[in-house]
Structure formats: C-alpha cells, structure tokens
Amino acid sequence: MPDHYLYAHRLREIADALDAELQPTGGAPTPHPDTLDVIRDRHTKRGQLNYAVPEVLQLQRRIRRCNADTDTPHGDIVALALDTWLRANGYPPDLARPQDEAP
C-alpha cells in the first residue's frame, strides 16, 4: 500500500495557506483578524514605507481624507489596504517569524 503521508502533509500546508488568505466576499475587502490585532497593538515595531505612486490616483489626499473622517492613522490605513490586497493575492505574512529577522 503506498504511503500518502507526504501528500497529506502537503495538502494540510496548502489548506493552512488558503485559510490565511482573505476570501472574497463580493463586497469591500475585510482586513484579516490577525492584521487587525497587529494594528491595534500600539507597541508593534513600525517601519517606514516609501514608494512613488501615480499622482493621478490622489492617494495622499484620499488617505488624509480617510484619516479625517475615521480618525484612523495614515500608516494604519496603508498597512490595512496593502495587507488585505497582498493576502488576497496569495502573499500572507509569516507572523510567527521574529520581526527583527530579515526576510
């Protein structure tokens, strides 16, 4: 009888990865609960994220307006949006890895 342990193990890994991704709901994407926990923890180490983006999208203005309307900090808006998009496209974070460790 063939040993299917390796296949079963790999299928479990794939299932775990799928669970970590955002599943589309048809409406606006919802941030992952783990991401919300990280955002709510004000002691989380933070880093700068600087990228040139198309001005026509008016991202800076829209982020400022969202901040004014919701009182959500600028960095949290960007982190929630990017994390949601990356998870939806199959790139969940490895939250178990120490934050000081290089990728």
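Since the structure is predicted, the reported quantities are computational estimates derived from the model, not experimental observations. Along each chain, numbering runs from 1 in the same order as the chain's sequence is written. pLDDT decides what is reported in this predicted model: residues at 70 or higher carry local features, side-chain atom pairs at 80 or more are listed and counted, and totals for whole chains, interfaces and linings draw on all residues regardless. Water and hydrogen atoms play no part in the side-chain values, which are based on all heavy atoms of the structure.

Engineer: Before we go on, may I ask you to explain the pattern of salt bridges in this structure?
Structural biologist: Opposite charge on two side chains makes pairing possible when the charged atoms of those side chains draw close. One side-chain nitrogen of Lys or Arg within 4 Å of one carboxyl oxygen of Asp or Glu is enough to make a salt bridge. Tallying each qualifying case throughout the model produces five salt bridges. Across the pair Arg40 and Asp37 runs a salt bridge whose closest N-O atoms are separated by 3.6 Å. Of this pair, Arg40 and Asp37 both sit in helix α2 (residues 33–40), three residues apart, which is roughly one turn of that helix. According to the relative accessible area criterion, Arg40 is exposed, its value standing at 58%. A residue is classified by how much of its surface remains accessible, and Asp37, at 48% relative accessible area, is partly exposed. Residues Arg87 and Asp83 are paired through a salt bridge, measuring 2.8 Å at the closest nitrogen-oxygen approach. Linking Arg87 with Asp83, this pair stays in helix α4 (residues 74–88), spanning four residues, or about one helical turn. An identical accessibility class is assigned to Arg87 and Asp83; each is buried. Beyond isolated ion pairs, a larger network of salt bridges with shared partners links Arg42, Arg46 and Asp76. By definition, any uninterrupted DSSP run of H or I lasting at least four residues is a helix, any uninterrupted run of E lasting at least two residues is a strand, and each is numbered from the N terminus. Buried, partly exposed and exposed residues are distinguished by accessible area as a fraction of the type maximum, computed with a 1.4 Å probe on protein chains only: under 20%, between the cut-offs, and over 50%, respectively.

Engineer: I keep staring at a nonpolar patch on the surface and nothing clicks. Help me out?
Structural biologist: A surface patch of nonpolar side chains, amounting to about 790 Å² of accessible area, comprises Leu49, Tyr51, Val53, Leu82, Trp85, Leu86 and Tyr91. You can see Leu82 is positioned in helix α4. Of the residues examined, Leu82 reaches a relative accessible area of 38% and is grouped as partly exposed. Patches draw on residues past 30% relative accessible area with no salt bridge. Two like charges within 9 Å are joined, as are two nonpolar side chains (Val, Leu, Ile, Met, Phe, Trp, Tyr) within 5 Å. Each accessible area is a Shrake-Rupley estimate made with a 1.4 Å probe; only the visible protein chains count as cover when residues are assessed.

Engineer: What exactly am I supposed to notice about the packing of helix α3 (residues 59–70) against α4 here?
Structural biologist: Each packed pair of helices is defined by two parameters, the angle between the axes and the distance between the axes. Fitted lines through C-alpha atoms serve as axes, helices being fitted only where they are in contact, and the angles separating the N-to-C directions of these axes extend from 0 to 180 degrees. Interaxial distance between α3 and α4 falls to 9 Å at its minimum, and their mutual angle equals 110°. Here α3 is positioned roughly perpendicular relative to α4, judged by the angle of their axes. As α3 packs across α4, the resulting crossing turns out to be right-handed. From α3, Ile63, Arg64, Cys66 and Asn67 reach across to α4, where they touch His74, Ile77 and Val78. In this count, Pro and Cys sit with the nonpolar residues alongside Ala, Val, Leu, Ile, Met, Phe, Trp and Tyr, while Asp, Glu, Lys and Arg are called charged and the others, Gly among them, polar. Looking at the contact of α3 with α4 residue by residue, the classes come out as four nonpolar, two polar and one charged. In what follows, roughly perpendicular refers to angles from 65 to 115 degrees, roughly parallel to angles under 35, roughly antiparallel to angles over 145, and oblique to any angle outside these ranges. Crossing handedness is read from the near helix: turned anticlockwise from the far helix by less than a right angle, it gives a left-handed crossing, and turned clockwise, a right-handed one. Note on contacts: a residue pair is in contact if any heavy atoms of the two residues lie within 4.5 Å.

Engineer: Would you mind going over the packing of α2 against α4 with me for this structure?
Structural biologist: At a closest axis distance of 11 Å, the pairing of α2 and α4 adopts a crossing angle of 160°. Regarding the angle of α2 to α4, the classification is roughly antiparallel. Between α2 and α4 lies a crossing whose hand is right-handed. Mapping the contact onto sequence places Asp34, Thr35, Leu36 and Ile39 in α2 and Asp76, Ala79, Leu80, Asp83 and Arg87 in α4.

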